[in-house]
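# Fold and contact review
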Amino acid sequence: MALVFIRTAVIFITLLAVMRIMGKSQIGEMQPFEFVITLLIAELACIPMADSSIPLLYGIVAIIAIFILHQTVWLLDLWFMPLKTVICGKPSLVITRDGVDGYQLRKNNLDVSDLIESMRTAGYFNLDDVYYGLFEANGVFSALPKEQLTHTLPVLLIDNGKADRKNLKIAGIDEKYLQEFIAKQKTKLKNVLVMTVDSDGRVYFQQKGKPYKILRAEVKGQW
Amino acid sequence: MVKAIISTLAALAVSIGFFIWTNGYLYKQFDEFHGALETLYDKIDDETATREDAYSVKKMWESKKRKLHILIPHNDISYLDYWLSEACGLIYNSRYDLALGKVEVLLRITESLPDAYSLKLENVF
């Protein structure tokens, strides 16, 4: 029986470490350790029920082990702040007054399209609609919005140095025009962190490691 | 907070107590059965084992396995059942040379089975 307990603890710690390494894009609205517990409890309850060759007590002991580990993690979380960061993670500031923080996005295994998707879910359609944007430890996107929001739907043309051909077509922008546009900003495609354009031709343009700029471009597409 | 600490410590204490008891219980049950098998082995070796000797060992195992079903996987119990039935069948027919090998296997299983459930590094991984 002690063996079941230890094996459960080993799986718990392994899963928790994996979930923490995987970052915020994988966990939805739960804390990492809560997510691990949800995964384990479902399996632990099912296996002894489904397999009659395994005594039911094995499932019960494993679930009690999960309870003890949950309570322990929760108490450590309350008592030791440094451990709270290790176990639950900390919020990541991904949008500042200078624009998108590429380093923070990479750290959380996210890209600009994931960020834009999270922003849309939170009700913001342009990257410059917020002063600050952050992913909480439980993966939820929070933002400090600007007083005036834009009321257009931008498309992502460049995501971390790569042009999105499908969106270029939607915006009615050809690659030659895009290259010229980038050259005018005295940079190269690979150095552009993000570029979006809306139907009014309003461009959000940000180079890696530099603040964003709002520019104008000719768009022929309708969306 | 206090309630959470108490419930966690209580669950931990009950679990540890249960682990210690289970470990001791398994070793005790298998030691007793192993002792009975050793006696049977000696009798088979002397060719003095009778139908009653085999039956009493089988009966002892039947009473033990009812409780063991709660604590160890049922497949392991079926495995022991299989070898014991074979050994008893051979003793009933006085095939001592063949029965000796079967009981030898049973002795080995009863020796190693409790170890498979004890808290050892090789069992954890």
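Being a predicted model, the structure only gives us computed values, none of them experimental. (Residues numbered from 1 in each chain as written. Chains lettered and ligands numbered in written order. Predicted model: local features only at pLDDT ≥ 70, side-chain atom pairs only at ≥ 80, totals over all residues.)

### A word on the overall build of chain A
Secondary structure assignment for chain A yields 8 helices and 9 strands. A burial count over chain A gives 32% of its 223 residues as buried. (Helix = DSSP H or I, 4+ residues; strand = E, 2+ residues; numbered from the N terminus. Buried ≥ 20, exposed ≤ 12 C-beta atoms within 10 Å, placed from the backbone.)

### Some remarks on the overall build of chain B
Of the regular secondary structure elements, chain B holds 5 helices and 0 strands. Written out in order from the N terminus, the α and β elements of chain B read α-α-α-α-α. Out of the 125 residues in chain B, the part that is buried amounts to 22%. Considering only intrachain contacts with a sequence separation of at least 6, the fraction spanning at least 24 residues in chain B is 65%. (Contact = placed C-beta atoms within 7 Å.)

### Focus: the environment of K213(A)
Residues and elements named next belong to chain A. Inspection of the secondary structure puts K213 in strand β9 (residues 213-216). Classification of K213 by C-beta neighbours within 10 Å gives partly exposed; the count is 13. Sequence-wise, K213 and D128 are 85 residues apart; in three dimensions their C-alpha atoms are separated by 9.6 Å.

### Side note on the pairing of strand β5 (residues 155-159) of chain A
Residue and element names in this part refer to chain A. A large share of β5 lies buried, amounting to 5 of its 5 residues. Pairing of β5 with strand β6 (residues 162-163), which is carried by 2 bridges, proceeds in the antiparallel orientation. Residue D159 lies in a different strand from β6, and its bridge partner there is K162. Counting the residues that bridge the hairpin from β5 to β6 gives 2 residues, and of these N160 lies at a positive phi of roughly 55°. (Pairing = 2+ DSSP bridges.)

### Describing the packing of helix α3 (residues 56-79) of chain A against helix α1 (residues 2-45) of chain B
Following both chains from N to C, one finds α3(A) and α1(B) inclined at 145°, their axes separated by 10 Å at the closest point. The handedness of the crossing between α3(A) and α1(B) is left-handed. In this structure, α3(A) contributes I64(A), F67(A), I68(A), Q71(A), T72(A) and L75(A) to the contact, and α1(B) contributes A4(B), I5(B), T8(B), A11(B), L12(B) and S15(B). The residue inventory of the contact of α3(A) with α1(B), partitioned by class, reads 8 nonpolar, 4 polar and no charged. (Axes fitted to C-alpha atoms, helices over the stretch in contact; angles between N-to-C directions. Left-handed = near helix turned anticlockwise from the far one by under 90°. Nonpolar A, V, L, I, M, F, W, Y, C, P; charged D, E, K, R; others polar.)

### A short note on unusual backbone geometry
One non-glycine residue, N160(A), lies in the positive phi region at around 55°. With respect to the helices, strands and loops of the structure, N160(A) is situated in the loop between β5 and β6. By C-beta crowding, N160(A) is classed as partly exposed, having 16 other C-beta atoms within 10 Å. The phi dihedral of E47(B) falls on the positive side, at around 60°, and the residue is not glycine. As for its position among the elements, E47(B) is in the loop between α1 and α2 (51-71). Exposure remark for E47(B): the 11 C-beta atoms within 10 Å place this residue in the exposed category.

### A word on the interface of chain A and chain B
Facing 18 residues of chain A, the contacting portion of chain B comprises 21 residues. Among the secondary structure elements, those contributing two or more residues to the side of chain A that touches chain B are α1 (2-22) and α3 of chain A. Counting residues per element, the side of chain A that touches chain B draws most heavily on α3(A), at 7 residues. Here the residues of the side of chain A that touches chain B sort into 13 nonpolar, 4 polar and 1 charged.

### A few points about the packing of α2(B) against helix α3 (residues 74-92) of chain B
Axes are the key here: two packed helices are described by the angle between their axes and the distance separating the axes. All names here are of chain B. Two elements in contact, α2 and α3, have axes whose closest approach is 10 Å; the angle formed by their N-to-C orientations is 170°. Classed by the angle they form, the pair α2 and α3 counts as roughly antiparallel. Two secondary-structure elements touch here, α2 through R51, A54, K58, W61, K65, L68 and H69 and α3 through H74, I77, L84, C88, I91 and Y92. (Parallel < 35°, antiparallel > 145°, perpendicular 65-115°, else oblique.)

### Observations concerning the sheet that holds strand β8 (residues 202-207) of chain A
Residue and element names in this part refer to chain A. Ordered in space as β6-β5-β7-β8-β9, the 5 strands form an open sheet in which the pairing is antiparallel. Both edges of this open sheet fall to β6 and β9, since each of them pairs with a single strand only. Note: β8 against β9, 4 bridges, orientation antiparallel. Within β9, the position partnered with R202 by the bridge is R216.

### Examining the pairing of β8(A)
Residue and element names in this part refer to chain A. A large share of β8 lies buried, amounting to 5 of its 6 residues. As defined by bridge partners, strand β7 (residues 192-197) adjoins β8 across 5 bridges and the pair is classed as antiparallel. When the sheet's bridge partners are listed, M195 is paired in β8 with F205. Taking the residues between adjacent antiparallel strands as the criterion, β7 and β8 are bridged by 4 residues, where G201 takes a positive phi near 85°. Following β8, the chain reverses through 5 residues before pairing antiparallel with β9; G209 in that reversal takes a positive phi of roughly 75°.

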